[in-house]
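Here is how the chains run, residue by residue.
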Amino acid sequence: MRKFVYIFLTAILTSFFYFPFMFKALPGVNTKMALAVIGLVLLFVNKAKSRNSLFNKDIFILSIIAAIVSLIGLASITINSTPDTAYATYLVSMWVWLAAAYFVCYVINRVHGHISLQLIANYLAAVCVAQCFFALLFDMNPSAKLFVDTYVEQDQVFLTEVKRMYGIGAALDVAGIRFSAVLVLLSYISCSRKCSLGQNIVYVSAFIIIAVVGNMIARTTLVGVVLSALMCVLMLFVNRHAYKDNVLSVFKVFILVLAVAVPLLVVLYNTNHQIHSNLRFAFEAFFNLVENGDFSTSSTDKLQTMYVFPDNLKTWLIGDGYFSSPRDVDPYFVGKLVGGYYMGTDVGYLRFIFYFGIIGLLAISSVIIKAGTMMMKVHPYDKTVFVFLMLVNFICWFKVATDLFLVFALFGAEALLVEDENCSDSFEDK
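Just so we're clear, the structure is a prediction, and the values are computed from it rather than from any experiment.

### Description of helix α10 (residues 221–238)
- End to end, α10 covers 26 Å across 18 residues, agreeing with the expected 26 Å (1.5 Å per residue, within 8%).
- Of the residues making up α10, those classed as buried are Thr 221, Val 223, Gly 224, Leu 227, Ser 228, Met 231, Cys 232, Met 235 and Leu 236.

### Quick notes on the layout of surface pockets
- Reported here for the second largest pocket is a volume of approximately 810 Å³.
- Lining the second largest pocket are 32 residues, and of these Phe 207, Ile 208, Val 225, Phe 254 and Leu 258 lie nearest its centre.
- Among the elements of the structure, α8 (172–192), α9 (197–217), α10, α11 (240–271) and α13 (284–292) are those that each provide at least two residues to the lining of the second largest pocket.
- Of the residues forming the lining of the second largest pocket, the biggest block, 10 residues, is contributed by α11.
- By residue class, the composition of the lining of the second largest pocket is 28 nonpolar, four polar and no charged.

### Some remarks on the nonpolar core
- The biggest cluster of nonpolar side chains holds 124 residues, and the ones touching the most others in it are Phe 17, Tyr 18 and Phe 405.
- In contact with Phe 17, other than residues within four places in its own chain, are Leu 35, Trp 97, Ala 100, Ala 101, Val 104, Leu 406 and Leu 410.
- Core analysis: the second largest hydrophobic core is formed by seven residues, Tyr 322, Tyr 342, Val 347 and Leu 350 among them.

### Some thoughts on helix α18 (residues 383–396)
- In a regular helix each residue adds 1.5 Å, so 14 residues correspond to 20 Å; α18 covers 20 Å between its end C-alpha atoms and thus fits that length.
- Within the sequence span of α18, burial applies to Val 385, Phe 386, Phe 388, Leu 389, Met 390, Val 392, Asn 393, Phe 394 and Cys 396.

### Observations concerning the pattern of salt bridges
- For the structure shown, the criterion picks out seven salt bridges.
- Here Lys 370 makes a salt bridge to Asp 58, at a shortest N to O gap of 3.1 Å. On the criterion of sequence distance, the pair formed by Lys 370 in helix α17 (residues 348–378) and Asp 58 in helix α3 (residues 57–80) is long-range, its members being 312 residues apart. Like Asp 58, Lys 370 is buried.
- In this structure, Lys 377 and Asp 58 form a salt bridge, with 2.9 Å as the shortest nitrogen-oxygen distance. With a gap of 319 residues between them, Lys 377 in helix α17 and Asp 58 in helix α3 connect regions that are remote in the sequence.
- Classification of Lys 377 as exposed rests on a relative accessible area of 57%.
- Overall, Asp 58 belongs to the buried group, its relative accessible area being 14%.

### Here we look at unusual backbone geometry
- Non-glycine residue Leu 172 carries a positive phi angle of around 55 degrees.
- Tracing the backbone through its elements, the reader meets Leu 172 in helix α8.

### Focus: the packing of helix α1 (residues 2–18) against helix α4 (residues 90–112)
- Running from N to C, α1 and α4 point in directions that differ by 170 degrees, and their axes come no closer than 10 Å. Classified by the interaxial angle, the pair formed by α1 and α4 is roughly antiparallel. Note on element contacts: α4 touches α1 through Trp 97, Ala 100, Ala 101, Phe 103, Val 104, Val 107, Ile 108, Val 111 and His 112, opposite Lys 3, Tyr 6, Ile 7, Thr 10, Leu 13, Thr 14 and Phe 17.

### Here's the deal with the side chain of Ser 190
- Residue position: Ser 190 is located in helix α8.
- Given a relative accessible area of 5%, Ser 190 falls into the buried group.
- A distance of 3.1 Å separates a polar side-chain atom of Ser 190 from the backbone oxygen of Ser 187.
- Excluding its chain neighbours within four sequence positions, the residues that come into contact with Ser 190 are Cys 195, Asn 200, Tyr 203, Asn 246 and Val 250.

### Some remarks on a nonpolar patch on the surface
- Residues Met 1, Phe 4, Val 5, Phe 8, Leu 9 and Ile 12 make up a contiguous nonpolar surface patch of roughly 630 Å² in combined accessible area.
- Position of Phe 8 relative to the elements: it lies in helix α1.

Procedures and definitions
Every chain is numbered independently, its residues counted from 1 as its sequence is written. Only residues with pLDDT of at least 70 are given local features in this predicted model, and only at 80 or more are side-chain atom pairs given and counted; all residues enter the totals for whole chains, interfaces and linings. Each side-chain value is worked out from all heavy atoms of the structure, with water and hydrogens disregarded. Only DSSP runs of H or I reaching four residues or more are called helices, and only runs of E reaching two or more are called strands; each is numbered from the N terminus. Between the first and last residue of a helix there are one fewer steps than residues, each counted as 1.5 Å, and that sum is the expected span. Exposure categories follow from relative accessible area, calculated using a 1.4 Å probe and restricted to protein chains: below 20% of the type maximum is buried, above 50% is exposed, and the middle band is partly exposed. Here a cavity denotes grid points, spaced 1 Å and computed from the protein atoms alone, that fit a 1.4 Å probe unable to get out, and a pocket denotes an open set having protein on both sides within 12 Å along at least 5 of 7 lines; residues with an atom within 4 Å of a point are the lining. Grid points are joined across faces, edges and corners, and a volume is the space filled by probe spheres set on the points. Under the grouping applied here, Gly and all other residues not named as nonpolar or charged are polar, the nonpolar ones being Ala, Val, Leu, Ile, Met, Phe, Trp, Tyr, Cys and Pro and the charged ones Asp, Glu, Lys and Arg. For our purposes a nonpolar core is just a set of buried Ala, Val, Leu, Ile, Met, Phe, Trp, Tyr and Cys residues, chained together by side-chain atoms within 4.5 Å. Note on definitions: a residue-residue contact is assigned when non-hydrogen atoms from the two residues lie within 4.5 Å. Within this document, salt bridges are pairs made up of a side-chain nitrogen of Lys or Arg and a carboxyl oxygen of Asp or Glu, the two lying within 4 Å of each other. Under this scheme, a helix contributes an axis fitted over its contacting stretch, all axes are lines through C-alpha atoms, and angles between N-to-C directions fall in the 0 to 180 degree range. Any angle between 65 and 115 degrees counts as roughly perpendicular, while under 35 counts as roughly parallel, over 145 as roughly antiparallel, and the rest as oblique. Identification of polar contacts relies on pairs of N or O atoms within 3.5 Å, with a donor-acceptor requirement for protein atoms, meaning one able to donate a hydrogen and the other able to accept it, and with residues adjacent in sequence counted only if both atoms are side-chain atoms. Only residues whose relative accessible area exceeds 30% and that form no salt bridge enter a patch; like-charged residues are grouped when within 9 Å of one another, and nonpolar side chains (Val, Leu, Ile, Met, Phe, Trp, Tyr) when within 5 Å. What sets the accessible areas is the Shrake-Rupley method with a 1.4 Å probe; for residues, cover comes only from the shown protein chains.

So this is what it looks like as structure tokens:
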């Protein structure tokens, strides 16, 4: 029972990290920042005890690249005389994520006595399934939604206005890209490890829940569904001998779970108005294809209008110094306001270019590539999953400007813990 309580509390901490939010009683401080403060202290203490260097070579290089991103952002807002420091403080943001991840991994390690890629993936999957449950609960039970909204600040006024589902800290495309990352992790773990029938049923069930409800929250989740399928096929054909049995076992379980899930969804679609509406939103493109012969959604139609490009060389090179909407960050802005974003675009690549040009875009891309290749060195037998996690990041940038550094931060924190000789005891031993 005590172990279960520890695991439950660890899952809550993981959610605080992966889907951070603010309590209304503590404005300005989100859960990730609180975890980072504790994590940074633990990191210094554990490194001092183990006499290991705080900065290994890869972390040092990653910090240098993040510092370059910050300097380019600072140069852009200085040249353009804007107050938007969104990426001028990226080095600090990177270390906040890394320190918060360190605390989460430290607790996982203490509870279980070890830490691994699979264990981290299990916690992330559990958190995402819980967020899907909360989103459905809040959508169907106004009292539960009101209770959470009373204590939690997550821009719920806007989310309610645009009629979007949300969990606790999980909303819109930010949630979608994080769901996508977890779908890739789930697929990889189940296909690359020799899992029992029970484990595969749990993994496949979690995958379907996140895929379906995740798309109700943000259709960006579909990127994870497609890449997961592609990765499994690639693993089967590239290394058939190693993965054939695992992939076929997962496929059989997938068919079995679908045989239960599909009839249930059909019944709910025809009997529950909210599920009916949410499913049509989640899979609007497929409904449009069947009903109208047009594979499109309102989001893709709107996205096409967001592909606007700079009209001068300066902006292409160093940007205009605006990432957020000027109405939110600059009371002295006198230009034309278009939509909710600068230049009316939410496309990740374009928002980076408008903020600090192609130079900044290349720098921020280098952070993700360096983080991914670092994790390939830490997990040399699991390179495939980190390649696909990077693909999730770069594909989603065609839709939204958010990155997956926080996922790589978890595995980076895992590597820091492995270096530490003083982090191997579990609570069970106390």
